[in-house]
Amino acid sequence: MTLIGSNFQLLNQANLQATVTPDLKIDGDLKQINIKGIIRIPRFLASGQQKTSLAENSPDLVLIDVEQANSKPFRLQQNIDLQLLLGENVLLKTAGIDAQVEGEFRLKSAPQQEVSAFGEIHVAKGRYANYGVNLDINRGNLLFNGGPISQPLLDILALRTVGEVK
């Protein structure tokens, strides 16, 4: 299957909106799916407050006398090679951040592998405000070097200037 579109409204919720321009080739069978191509994201808005829990379970938590499910989940193998290009109207307005971001990154995986990310996202302009502190984001980079997309390297500098003091 080939999926080509222009300014397709992918999401339209109160706190999450996205318009995409896909150019994808998708094929596969009941065991594996192959997705290759480019997704341009001309417009994206994530807004609202991020919900956080007060406490989370520690990774070394061991539950005793809990029944384990014996069924093996259906797992479709994936072969992904997607390039995502962020447009000029990609905005994050959540969890104290008000920023316009730009950049591009690639998502890749092969059968039996997790999805890895490569590329960079930059804050074109932005502010961070939390606990009564307002900071200008002077430098904001998320760097993806082949690890999971949820674990980018962060290079962020946010400052408040009062006179000559930063």
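Structural data are supplied above this passage.
What counts and what doesn't
Residues numbered from 1 in each chain as written. Predicted model: local features only at pLDDT ≥ 70, side-chain atom pairs only at ≥ 80, totals over all residues. Heavy atoms only, no water. Salt bridge = Lys/Arg side-chain N within 4 Å of Asp/Glu carboxyl O. Helix = DSSP H or I, 4+ residues; strand = E, 2+ residues; numbered from the N terminus. Core = buried A, V, L, I, M, F, W, Y, C linked by side-chain atoms within 4.5 Å. Buried < 20%, exposed > 50% of the residue type's maximum accessible area, 1.4 Å probe, protein only. 1 Å grid on protein atoms, 1.4 Å probe; cavity = no way out; pocket = protein on both sides within 12 Å on 5 of 7 lines; lining within 4 Å. Points joined across faces, edges and corners; volume = space filled by probe spheres on them. Nonpolar A, V, L, I, M, F, W, Y, C, P; charged D, E, K, R; others polar. Contact = heavy atoms within 4.5 Å. Polar contact = N/O pair within 3.5 Å; in protein donor to acceptor, adjacent residues only side chain to side chain.

A closer look at the pattern of salt bridges
Tallying each qualifying case throughout the model produces three salt bridges. A salt bridge links R127 to D136; the nearest nitrogen and oxygen atoms lie 2.2 Å apart. A salt bridge links R139 to D155; the shortest N-O distance between them is 2.9 Å. Here the residue R139 occupies a position in strand β8 (residues 133-145), and D155 occupies one in strand β9 (residues 153-159), the gap between them amounting to 16 residues.

Let's talk about the nonpolar core
I39, I41, L82 and L84 are the most contacted members of the largest nonpolar core, which has 17 residues in total. Elements with a contribution of two residues or more to this core: β3 (16-28), β4 (32-48), β5 (77-94), β6 (97-109) and β7 (116-130). Considering each element in turn, this core owes the most residues, five residues, to β5.

A few points about the layout of surface pockets
Estimated volume of the largest pocket: approximately 810 Å³. In this structure, the largest pocket is lined by 34 residues; those nearest its centre are L92, T94, I97, V101 and L142. In the lining of the largest pocket, the residues fall into 26 nonpolar, eight polar and no charged. Empty space within the second largest pocket amounts to approximately 200 Å³. Taken together, L3, I4, G5, F8, L10, V20, P22, L24, I39, L82, L84 and L107 make up the lining of the second largest pocket.

Considering the environment of F105
Locating F105 in the fold gives a position in strand β6. Along the backbone, F105 and L84 are 21 residues apart, and their C-alpha atoms lie at a distance of 5.5 Å. Those residues in contact with F105 that sit more than four places away from it in its chain are L82, Q83, L84, F118, G119, E120, I121, F144 and I149.

Some thoughts on the environment of I39
Inspection of the secondary structure puts I39 in strand β4. Remark: the alpha-carbon pair of I39 and R106, spanning 67 residues in sequence, is separated by 10.0 Å.

Re unusual backbone geometry
Located in the positive-phi region is N7, a residue other than glycine, with phi close to 50 degrees. Take N7: it is sitting in the loop between β1 (2-4) and β2 (8-12).

Notes on the side chain of Q17
Tracing the chain through its elements places Q17 in strand β3. Reaching out from Q17, the side chain makes a polar contact with the side chain of R43 at a distance of 3.3 Å. Among residues more than four places away in sequence, those in contact with Q17 are L11, N12, R43, F44 and L45.

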